[in-house]
Amino acid sequence: MSNDKQHIKQLVQELTLEEKAALGSGKSFWVSQEVDRLGIPSVMMTDGPHGIRKVDETKKNNVMQESHKATCFPAAVTVASTWSTALAYEVGSAIADEAKHFGVATVLGPGVNIKRSPLCGRNFEYFSEDPVVSGHFGAAFVKGVQDNGVGTSLKHYCANNQEHLRLTISAEADERTMREIYLAAFEYVIKKAKPTTVMCSYNRVNGVQISASKKYLTDILRGEWGYDGLVMSDWGAVDERTKAVEAGLDLQMPSSLSDNKLVVDAVKSGELSDAILDKNTERVVKFALDGKANEVLDHKADFDAHHALVRKVAAEGAVLLKNENAFFPLDKTESDVLFLGALARTPRYQGTGSSKINSYRLVSFTESLDAQGISYRYLDGYRLTGDGFSKRLLIEARNAAKSAKKIVIFAGLTPKYEGEGFDRAHLNLPAGQLNLINEICKVNENVAVVLSIGAPIKMPFASNVKAILNLYLGGEACGEAAADIIFGDANPSGKLAESFPLSLDDVLANKYFPMGPRTVEYRENIFVGYRYFDTAKKSVLFPFGYGLSYTEFIYSDLKLSGHEINEDEPLHVSFRITNTGNKAGAEAAQLYVADKESTIFRPEKELKAFQKVYLAPNESATVEFVLNKRAFAYYNVNVSDWVVESGEFTILIGKSSREIVLKETLAVAATKAVKHPNYRTSSPSYYKIGSVLAIPDGEFEKLTGRKVNPNQPYERGEFDRNSTLDDIRITPLGALLRIGSIAVAKFISRKSENKDMIINSVTTMPLRSADMIMRNQKAMKFILNSVNGTKKTK
């Protein structure tokens, strides 16, 4: 069947109004609607940022039900730490292979949201705090999947940077911050990789729900960036379907029969243009036809090859943070090494929530040692439930540690401490694990810690241990990858794609995270991650871009193609890297740009390019980058465009954002005269960001053009379809519904790793989501009338 534009237009013209409305909504939880009489098929979508999570058809079709076994790849946080987009492409290709195996047309990933705060519970599913890293890895993943005939869904568009109240909260941010930090990665992926679909997020931005925002779904996405693919909602993200269709939303997921009727009525009444509905429907039809055309019947995926790829990526994504006196690598024949920590035997290798994979073949660290015939001593040291403390296990481990030559402790965050649906309350490891590390360090000075975490943590033990290896979340072969690094079969080359702060007090954004109940204010503006720490001269535990190796690299011979250029000229940058050690290794070189003086406030430096090179001992390689106008520009709200301010810029080549090894200055001339915003009088705090503890209301309002919301709790009379059970609990009926819903959630999730997500989601879910489940408008009206008292419901 031809999928050309004319054929698709003809099909849409033959559809009834009711069929058009139905095509704009899912048929079921994971499948799009079909129209058999015209040959328009239904296609399947599944979660897939780090593997295929296709619900087992023999189970109840529910978001948290068991799925078919599939390869669990390293989480995005680990993939980004490889600093190798080539590996991200390989992961995408392998996931596409398994998608075809399961008959899945579109993988719901990647997620390129920015890590605004280290506390975001879903940070493991995102690449970086930096939009360049996020954009490049997102584009590589999309290309890897789509080059192999499977669709992708770029998510969560946009400003979805927390789990607390993610379904209802409004992210308050100025236009420049949105463009430079929170939209830039999406823009890059759209322009470079053309993802099949874009998934809009749940939240609002500056008071407008993204699923109903013409500015974001049409004006920017299609008008400015030229996107011509399908826009779908996150599951349950649509409030008013008619407004969403008008704004540019093509597909509401999952199914919503009642909303279909609203679309039909809106077209008949003239409220919604038939032409707009037709355009949206054309994109849905193309999405379905393309998905079906790429279907490969009886395709068999190579799960064993994928497992080997997981091992490779997990090893390259592991970050060696400390290695005093060359503690690692260990000798496989070395006797008297004691391994402690339950995570060595029962690994945490992926995040919890909608992305959780039913792994094809999970291999723990101890199982990897057994398979290689390596002798070892092992003790649990702590429990994996609660805070992990066990007096018996601690005493047992402490006694064994006294006589050991070396000790390696496996520690990390358990599902209770981080996951989708809730944000972390602190940066601490479970108390039982910290207690183990502290006690062992008291009786033995040769201790290393191996971490399995999805986000930064505090490390009060850092100065007391010899080595720290951060595995992040390495997927199903995490145990084998850990052994490869620990025993030297692989040379660590991972680097952090996020900063590790010393404490939450050092994170300016955290003063405004997660806030609520109405808004969350992005008062820190562009000063996120290293952009803040480096500009404010804040000490950090480990900086952005940092990671050690078992070998050494020297940088030299920095060259620029010119020292005076205009903004439209490309700048060619080259330098040499030499492996001066005796082991083969890989180094991720980073290029930052610093504007020496500017009218508008800017970060001290910003990453603009990176490349990973693989070198044998004593081998050298030339690294080359080409920078264009965007590398020197900022987003100017006066002209709504990216603008260069003439002046001097410094090209910085670094091993991390804090270890700059080469630099060179050049002058860049703007070709157009524009007015550069100057906020030195109205918002002076942003020019002295290192010396301020908070951003005053008035200064933030000057940038956003909006009054700061007092964020008072919702009161009786204000409740509507977007109110949550937590909101309405101030009323008798609301309190009763909340208690009952929590009880039900606890019962159905009693054996689930996703228990915390499910319970939290129930209390922070908008009532419209329950309405979608109940499909009972009368019940919804009764609830709203009751909790609002005599006030008429919205």
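Residues numbered from 1 in each chain as written. Predicted model: local features only at pLDDT ≥ 70, side-chain atom pairs only at ≥ 80, totals over all residues. Heavy atoms only, no water.

As a further point, take the packing of helix H14 (residues 391–401) against helix H15 (residues 431–443). Remark: H14 packs on H15, axes separated minimally by 9 Å, with the N-to-C direction vectors making an angle of 25°. With respect to H15, the element H14 is oriented roughly parallel. The way H14 lies across H15 gives a crossing that is right-handed. Seen from H14, the contacting residues are Leu394, Ala397, Arg398 and Ala401; seen from H15, they are Asn435, Leu436, Glu439, Ile440 and Val443. A class-by-class count of the residues in the contact of H14 with H15 yields six nonpolar, one polar and two charged. (Axes fitted to C-alpha atoms, helices over the stretch in contact; angles between N-to-C directions. Helix = DSSP H or I, 4+ residues; strand = E, 2+ residues; numbered from the N terminus. Parallel < 35°, antiparallel > 145°, perpendicular 65-115°, else oblique. Left-handed = near helix turned anticlockwise from the far one by under 90°. Contact = heavy atoms within 4.5 Å. Nonpolar A, V, L, I, M, F, W, Y, C, P; charged D, E, K, R; others polar.)

The next point concerns helix H8 (residues 214–224). For H8, the complete set of buried residues consists of Tyr216, Leu217, Ile220, Leu221 and Arg222. Buried residues along H8 cover an arc of 165° about the axis, so they all sit on one side. One or two positions beyond H8, positive phi appears at Gly226, with a value near 75°. (Buried < 20%, exposed > 50% of the residue type's maximum accessible area, 1.4 Å probe, protein only. Arc of directions from axis to C-beta.)

Looking now at the packing of aromatic side chains. Throughout the structure, instances matching the rule amount to 28 aromatic pairs. Geometrically, the ring pair formed by Trp30 and Trp235 is tilted, given 5.6 Å between the ring centres and 40° between the ring planes. With Trp30 in the loop between helix H2 (17–23) and strand E1 (45–47) and Trp235 in the loop between strand E9 (230–233) and helix H9 (241–247), the pair connects residues that are 205 residues apart, well separated along the chain. Taking relative accessible area as the criterion, Trp235 reaches 13% and is therefore assigned buried. Geometrically, the ring pair formed by Phe500 and Phe542 is edge-to-face, given 6.4 Å between the ring centres and 70° between the ring planes. Separated by 42 residues along the polypeptide, Phe500 in strand E17 (residues 500–501) and Phe542 in strand E19 (residues 540–542) bring together distant segments of the chain. Taking relative accessible area as the criterion, Phe500 reaches 0% and is therefore assigned buried. The exposure class of Phe542 is buried, given its relative accessible area of 8%. Every member of this aromatic cluster is reached through a ring pair, and the members are Trp83, Phe127, Phe137, Tyr530, Phe544, Tyr592 and Phe610. Between the NZ or CZ atom of Arg176 and the centre of the ring of Phe601, over which it lies, the distance is 4.9 Å. When the ring centre of Phe747 is taken as origin, the NZ or CZ atom of Arg750, which lies over that ring, is 4.0 Å away. (Phe/Tyr/Trp six-rings, centres within 6.5 Å; stacked < 30°, edge-to-face > 60°. Lys NZ or Arg CZ within 6 Å of the ring centre and 35° of its normal.)

Here Glu163 shows up in the loop between strand E4 (151–157) and strand E5 (170–172). For Glu163, the side chain forms a polar contact with the main-chain nitrogen of Gly421, separated by 2.7 Å. Discounting chain neighbours no more than four positions away, the residues touching Glu163 are Cys120, Gly121, Arg122, Gly419, Glu420, Gly421, Phe422 and Asp423. (Polar contact = N/O pair within 3.5 Å; in protein donor to acceptor, adjacent residues only side chain to side chain.)

With that settled, consider the packing of helix H20 (residues 732–748) against helix H21 (residues 755–764). Direction vectors running N to C along H20 and H21 enclose 160°, while the axes themselves pass 9 Å from each other. Here H20 lies roughly antiparallel to H21, going by the angle between them. With respect to the hand of their crossing, H20 and H21 are arranged in right-handed fashion. Within the contact between the two elements, H20 uses Arg738, Ser741, Ile742, Ala745, Lys746 and Ile748 and H21 uses Ile758, Ile759, Val762 and Thr763.

With that settled, the discussion passes to the sheet that holds strand E11 (residues 337–340). Read across the sheet, six strands follow the order E10-E16-E15-E14-E11-E13 without closing on themselves; strand pairing throughout is mixed. Across the chains shown, the open sheet's two edge strands, defined by having one partner strand only, are strand E10 (319–323) and strand E13 (377–379). Neighbour to neighbour, the strand axes of the sheet diverge by 15° on average, direction disregarded. With four bridges connecting them, E11 and strand E14 (residues 406–412) associate as parallel partners. Its bridge partner being in E14, Leu338 is matched across the sheet by Ile407. (Pairing = 2+ DSSP bridges.)

This paragraph deals with the nonpolar core. Nonpolar side chains in soluble globular proteins tend to end up buried together. Val133, Tyr157, Met178, Tyr216, Leu607 and Ile689 are the most contacted members of the largest nonpolar core, which totals 105 residues. Looking at this core, the element that brings in the most residues is helix H5 (residues 131–146), giving eight residues. Discounting chain neighbours no more than four positions away, the residues touching Ile689 are Leu508, Phe527, Tyr532, Thr535, Ala536 and Ile695. In this structure, Leu338, Leu340, Leu394 and Phe461 belong to the second largest nonpolar core, which totals 73 residues. (Core = buried A, V, L, I, M, F, W, Y, C linked by side-chain atoms within 4.5 Å.)

The next subject is helix H13 (residues 365–372). For H13, the set of buried residues is Phe365, Thr366, Ser368 and Leu369. End-on view of H13: buried residues confined to an arc of 160°, all on one side of the axis. Looking at the buried side of H13, the elements it contacts are E11, E13, E14 and helix H16 (478–486). Among the residues trailing H13, Gly373 stands out with phi positive, at a value near 70°.

This paragraph deals with the pairing of strand E25 (residues 620–627). Of the two faces of E25, the one lined by Ala621, Val623, Phe625 and Leu627 is fully buried and the one lined by Ser620, Thr622, Glu624 and Val626 carries no buried residue. Pairing of strand E22 (residues 571–579) with E25 involves eight bridges; the strand directions are antiparallel. Looking at E25, one finds that Ser574 is bridged to Glu624.

Per the stated rule, a full pass over the model turns up 60 salt bridges. With its nearest N and O atoms 3.0 Å apart, the salt bridge here joins Arg166 to Glu420. One end of the pair, Arg166, is in the loop between E4 and E5; the other, Glu420, is in the loop between E14 and H15, and 254 residues separate them in sequence. Classification of Arg166 as buried rests on a relative accessible area of 7%. The salt bridge partner of Arg377 is Asp336, with a shortest N-O separation of 3.2 Å. Of this pair, Arg377 sits in strand E13 while Asp336 sits in the loop between E10 and E11; the two residues are 41 residues apart in sequence, bridging distant segments of the chain. (Salt bridge = Lys/Arg side-chain N within 4 Å of Asp/Glu carboxyl O.)

Let us now look at the sheet that holds E25. If you trace the three strands from one edge of the open sheet to the other, you get E20-E22-E25, paired in antiparallel fashion. Strands at the two margins of the open sheet, each flanked by one partner only, are strand E20 (553–560) and E25. Strand-to-strand twist in this sheet, taken as the mean axis angle between neighbours without regard to direction, amounts to 20°. Looking at chain direction, E20 and E22 are connected through six bridges and run antiparallel. Looking at E22, one finds that Leu560 is bridged to Val573.

Positionally, Glu180 belongs in helix H6 (residues 175–182). Of the polar contacts made by the side chain of Glu180, one reaches the side chain of Arg176; its length is 2.8 Å. A polar contact of 2.8 Å, which involves the side chain of Glu180, links it to the backbone nitrogen of Tyr635. Filtering out sequence-adjacent residues up to four positions away, Glu180 remains in contact with Pro131, Ile526, Glu606, Tyr634, Tyr635 and Trp642.

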